[in-house]
Amino acid sequence: QTLSAGAACAAVLNGALAQGWGANWITGWMAYDRPFLEELGLKPQEFVAGYIHMGTISKAPSERRRATPEDVTSWVSG
């Protein structure tokens, strides 16, 4: 169920972006804070996979620095 929830979030996010909406999927402290989740009406065994924010785009997002393969890869010989 957890993986299905993540797949559903990804599908909604990709669908919104494909339709030209601005969208961002954020899973922060609000997804794990039990008192906050109880305010939303969630039961103890329920969880939030993330919050998807959607809206109109006022400007294109700026490009961010991305890691190069050398930044995230190490090779060990032997």
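A few points on the structure. None of the values given here were measured: they were computed from a predicted structure. (Residues numbered from 1 in each chain as written. Predicted model: local features only at pLDDT ≥ 70, side-chain atom pairs only at ≥ 80, totals over all residues. Heavy atoms only, no water.)

## Here we look at the overall build of the protein chain
Cut-off, in case you're wondering: For the purposes of this entry, the term helix denotes a DSSP run of H or I that reaches at least four residues, the term strand denotes a run of E that reaches at least two, and both are numbered from the N terminus. Only protein chains enter the calculation, and the probe is 1.4 Å; a residue is then buried if its accessible area is under 20% of its type maximum, exposed if over 50%, and partly exposed in between. The contact criterion used throughout is that any non-hydrogen atoms of two residues lie within 4.5 Å. To measure how exposed things are, a 1.4 Å probe is used in the Shrake-Rupley method; for residues, cover is taken only from the protein chains shown. Neither His nor the chain termini are counted; the positive set is Lys and Arg, and the negative set is Asp and Glu. By convention, charge coordinates are those of NZ in Lys, CZ in Arg, CG in Asp, or CD in Glu.
On a plain count of helices and strands, the protein chain comes out with three helices and two strands. For the protein chain, the succession of helices and strands along the chain, N to C, is α-β-α-β-α. Considered along the principal axes of its C-alpha atoms, the protein chain spans approximately 50 × 40 × 20 Å. By residue count, 12% of the 78 residues in the protein chain fall in the buried class. Long-range contacts, defined here as pairs at least 24 residues apart, represent 53% of the contacts in the protein chain between residues at least 6 apart. Summed over its atoms, the accessible surface of the protein chain is roughly 6,700 Å², and 58% of this surface lies on carbon and sulfur atoms. Computing the positive centroid from 6 side-chain charges and the negative centroid from 7, the protein chain places the two 6 Å apart.

## Considerations on the pattern of salt bridges
This is how it is decided: Any Lys or Arg side-chain nitrogen found within 4 Å of a carboxyl oxygen on Asp or Glu counts as a salt bridge.
If you walk through the whole model with that rule in mind, you get two salt bridges. Note that D71 is salt-bridged to R65, the shortest N-O span being 3.0 Å.

## A closer look at helix α1 (residues 2-18)
Heads up, the rule is: Expected span of a helix, by definition, is 1.5 Å for each gap between consecutive residues, and there is one gap fewer than residues. Each direction from the helix axis to a C-beta atom contributes to the arc, which is the arc of those directions.
For α1, which comprises 17 residues, the first-to-last C-alpha distance of 24 Å matches the rise-based estimate of 24 Å (1.5 Å per residue) to within 8%. Residues of α1 that are buried include every one of C9, L13 and A16, and no others. The buried residues of α1 all sit within an arc of 65° when viewed along its axis, so they share a single face. Residues of α1 that are exposed and angled more than 90 degrees away from the buried face: L3, S4 and A18.

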